[in-house]
Amino acid sequence: MNDIKQKKNFNIILYLEQFIDRFKLPLAVSSAVLLLIFPHLLTNQYILTIVVKVGIYIILALGLNILTGYVGLVSLGHAGFVAIGAYTASLLATRLGLGFFLSMLCGMICAGIAGILLGLPTLRLSGTYLSIVTLGFGEIIKTIAMNWDSVTNGTLGVKNIPSPSIFGLKLTIANGGFYYLMLVMLLIVTLFCYVTYKSRTGRAFLAIKTDEMAGIMMGINVTYYKVLAFVLSACICASAGALYASLIGYIDPNTFTFDVSTMILSIVILGGMGTIRGMFIGSIILITFPELSRSLMDYRFVVYGLILVLMMRFRPQGLLGWKSQMPYKLSKSITRKLEQARSDKQENLSQ
Amino acid sequence: MAYLQVNEITKRFGGIVAVDKVSFEVNKGEIVSIIGPNGAGKTTVFNMLTGVYTIDEGEIVFDGKPIHNQKPQDIVKVGISRTFQNIRLFYDLRVVENVLVGTHINTNYNFFDSVFRTPRFRKEEDDKVYNAIRILQSIGLDNRRDDYAQNLPYGDQRKLEIARAIATGAKVLLLDEPAAGMNPQESAELLQFIRSLKVQGYTVIMIEHDMSVVMNISDRIYVIDHGKPIAKGIPSEIANNERVIEAYLGGVNINA
């Protein structure tokens, strides 16, 4: 019985993947057009703000996914990296008047350094032990932001964070510019995750996740790749943090609580660890749900919890957490070479 | 001096001497087996050879250079690779990707090459994939190239482990019980396969309990018991060695 069910699932995924593969171009073009004209279809800024927030959380989830989904290190303190990115960027923007992109870059560098500092001492930790340390890291960053009054302005937070601007044009929600900025950043981060995944770096990440010992025996420098994952993850989350700060225009230490960390982790788990598509569906569901279910009032968190519990019970790999059933994609030059080799062999046989 | 020379290596875990002054030598292109009862310290020897454990005494010299107490990555780079007693594949990866992880050490493009998909990345990645497919073809796993490693039958998983070890570019393969859990037909196939490795110029060191495999294929055999070397020689000598029979069967002489 179970076998039959699995077989059926298998086919659905394969059909879906084949469908997407066959209609790649029209699907890509239509979704691109849809995403580009989206702000013009709306008169409601509230919805656009939520959409931008969804986008920011997709970036965050993609960042955490590198660490948790690829390398298998569960972090409960990613709000810390978000905070570093957001604070660095907004302090540089408000106090020194740096442009958005430069200050975001500085935030990413700071978070990257923090990633090294967190990654190196925790190399030998995994599972729950690592989660506890990262949990502590998140709290430390929050506490620093709260108490380092002279720099972070303490609990009062940073106010009047300017909107990003390109060539003097302010990108805000009202003129839709912020939405496009988010879209561009999301595209860059998604592509980055994809190319990293489909390279020896990605294979090394997955090897470490499945069997660290076997990975070492294949000559993979586990220290390097674990720290690299921490750094990449921190940088991506910091960029989203900077984006978030300039969206809201105000941050304080309570913007980056433990709830943010668990939200990012929930998205990764709900969507499907180690997949890119999962991060999209995960944030769409988890970020829009509280907004859609305002009629449930206080009960919405009960429903929210219930969704997560049911998901863990019936689909622990995540909503879209399947493995691709399509054949491994070979580049054209390899297919040509292989066919050449095969025909050579046949010639030899016939002679 | 032999290709791989192991001189009186010793490993202690606290008060327990797991491996006590074990020496052996392996010439290029040989198949050498290490046998011994359970708990004799055979896998510990492999772990010392591959840098998982440091050695307390002695030395390991490969191709004229000492390699003991180096990092596992460096030892793989020198050209020694291994398989595991309990299969340790990357189960979430495809068969071809498992082999590609093996090529990791010989891949020279850096992180930025992969991010920007430079010509160097494309060329090297193509070379590696082609190489991986050739290895899979030679091992008879090409038809399962796209499968995930966890879906392979047991015998194929063992083969894939060997393929992955070959992909590192190793010249010496350490096989830890390659025939464990195989049925007679599978182990006969394995026998053929290991012979073909020898023909291709690989040096094989093997831990194995299946005597039909060991006696058929080995050029020389070393026997360890309780961490100590007790015998060495060609298969026919070992089969009649009293100390070996004693170690395995507990002192009953079955020669008569």
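Residues numbered from 1 in each chain as written. Chains lettered and ligands numbered in written order. Predicted model: local features only at pLDDT ≥ 70, side-chain atom pairs only at ≥ 80, totals over all residues.

Per an unreviewed UniProt entry, chain B carries the name ABC transporter ATP-binding protein and comes from Lachnotalea glycerini.

You'll find chain A entered in an unreviewed UniProt entry as Amino acid/amide ABC transporter membrane protein 2 (HAAT family), with Lachnotalea glycerini given as the organism.

Caption draft 1: Region of interest: the sheet that holds strand S10 (residues 228-233) of chain B. All names here are of chain B. Across the sheet, six strands lie side by side as S6-S7-S8-S3-S9-S10; this open sheet has mixed pairing. Sheet topology places strand S6 (80-82) and S10 at the edges, where each strand pairs with a single neighbour. Put simply, the sheet's adjacent strands are angled 20 degrees from each other on average, direction ignored. Relative to strand S9 (residues 220-225), strand S3 (residues 31-35) runs parallel, the two sharing four bridges. Paired with Ile 35 across the strands is Val 223, a residue of S9. Strands S6 and strand S7 (172-176) of the sheet are contacted by helix H6 (residues 154-167), whose axis makes an angle of about 155 degrees with S7. (Pairing = 2+ DSSP bridges. Helix = DSSP H or I, 4+ residues; strand = E, 2+ residues; numbered from the N terminus. Axes fitted to C-alpha atoms, helices over the stretch in contact; angles between N-to-C directions. Contact = placed C-beta atoms within 7 Å.)

Caption draft 2: Region of the structure containing the sheet that holds strand S2 (residues 16-26) of chain B. Residues and elements named next belong to chain B. Sheet architecture is open: four strands sit in the order S2-S1-S4-S5, paired in antiparallel fashion. Strands with a single pairing partner mark the edges of an open sheet, and in this sheet they are S2 and strand S5 (65-66). As paired strands, strand S1 (residues 4-13) and strand S4 (residues 57-62) are joined by five bridges and run antiparallel to one another. If you follow Asn 7 over to S4, its bridge partner there is Glu 59. Sheet strands in contact with helix H1 (residues 42-49) are S1, S2 and S4, and its direction is about 70 degrees off that of S2.

Caption draft 3: How the structure looks around the pairing of S3 of chain B. Residues and elements named next belong to chain B. Across the five residues that make up S3, a large majority, four, are buried. Two elements, S3 and strand S8 (residues 203-207), share four bridges in a ladder whose sense is parallel. The partner of Ile 34 across the bridge, within S8, is Ile 207. (Buried ≥ 20, exposed ≤ 12 C-beta atoms within 10 Å, placed from the backbone.)

Caption draft 4: Here's a closer look at the domain arrangement of chain B. Residues and elements named next belong to chain B. In terms of domain boundaries, chain B breaks down into domain 1 (1-79 + 171-256) and domain 2 (88-169). In this structure, domain 1 and domain 2 have C-alpha centres spaced 27 Å apart. Between domain 1 and domain 2, the residue contacts involve ten residues of the former and ten residues of the latter. Counting only elements with at least two residues in the side of domain 1 that touches domain 2, the list comes to helix H2 (72-78), S7 and helix H7 (184-199). (Domains from an automatic or database assignment.)

Caption draft 5: Examining the packing of helix H3 (residues 95-102) of chain B against H6 of chain B more closely. Residues and elements named next belong to chain B. Between H3 and H6, whose axes approach to 7 Å, the crossing angle comes to 35 degrees. Our pair here, H3 against H6, has a crossing hand that is right-handed. Every residue of H6 that contacts H3 at Val 95, Asn 98, Val 99, Val 101 and Gly 102 is listed here: Leu 160, Ala 163, Arg 164, Ala 165 and Ala 167. Its residues placed into classes, the contact of H3 with H6 shows seven nonpolar, two polar and one charged. (Left-handed = near helix turned anticlockwise from the far one by under 90°. Nonpolar A, V, L, I, M, F, W, Y, C, P; charged D, E, K, R; others polar.)

Caption draft 6: The nonpolar core, seen in detail. With 164 residues, the main nonpolar core has Val 82 of chain A together with Leu 173 of chain B as its most contacted residues. No other element matches helix H11 (residues 222-248) of chain A, which puts 17 residues into this core. Residue-level mapping places this core at the junction of two domains, with at least three residues from each of domain 1 (1-79 + 171-256) and domain 2 (88-169) of chain B. The residues touching Val 82 of chain A, leaving out its near neighbours within four places in the chain, are Leu 60, Cys 237, Ala 238, Ala 240, Gly 241, Phe 256 and Val 260 of chain A. (Core = buried A, V, L, I, M, F, W, Y, C linked by C-beta atoms within 7 Å.)

Caption draft 7: Structural context of unusual backbone geometry. For Phe 167 of chain A, which is not glycine, the phi dihedral falls at a positive 50 degrees. Of note, Phe 167 of chain A is situated in the loop between strand S1 (165-166) and strand S2 (169-170). Residue classification places Phe 167 of chain A among the exposed positions, given that 4 C-beta atoms sit within 10 Å. With a phi angle near 50 degrees, Glu 177 of chain B is a residue other than glycine that sits in the positive phi range. Along the polypeptide, Glu 177 of chain B turns up in the loop between S7 and H7.

Caption draft 8: Layout of the packing of helix H5 (residues 100-119) of chain A against H11 of chain A. All names here are of chain A. Interhelical geometry of H5 versus H11 gives an angle of 145 degrees and a closest axis separation of 7 Å. Where H5 crosses over H11, the handedness of that crossing is right-handed. Broken down by class, the residue content of the contact of H5 with H11 amounts to 15 nonpolar, nine polar and one charged.

Caption draft 9: Focus on the environment of Asn 151 of chain B. Relative to the helices and strands, Asn 151 of chain B resides in the loop between helix H5 (119-139) and H6. Counting along the chain gives 32 residues from Asn 151 of chain B to Asn 183 of chain B, while the straight-line C-alpha distance between them is 19 Å.

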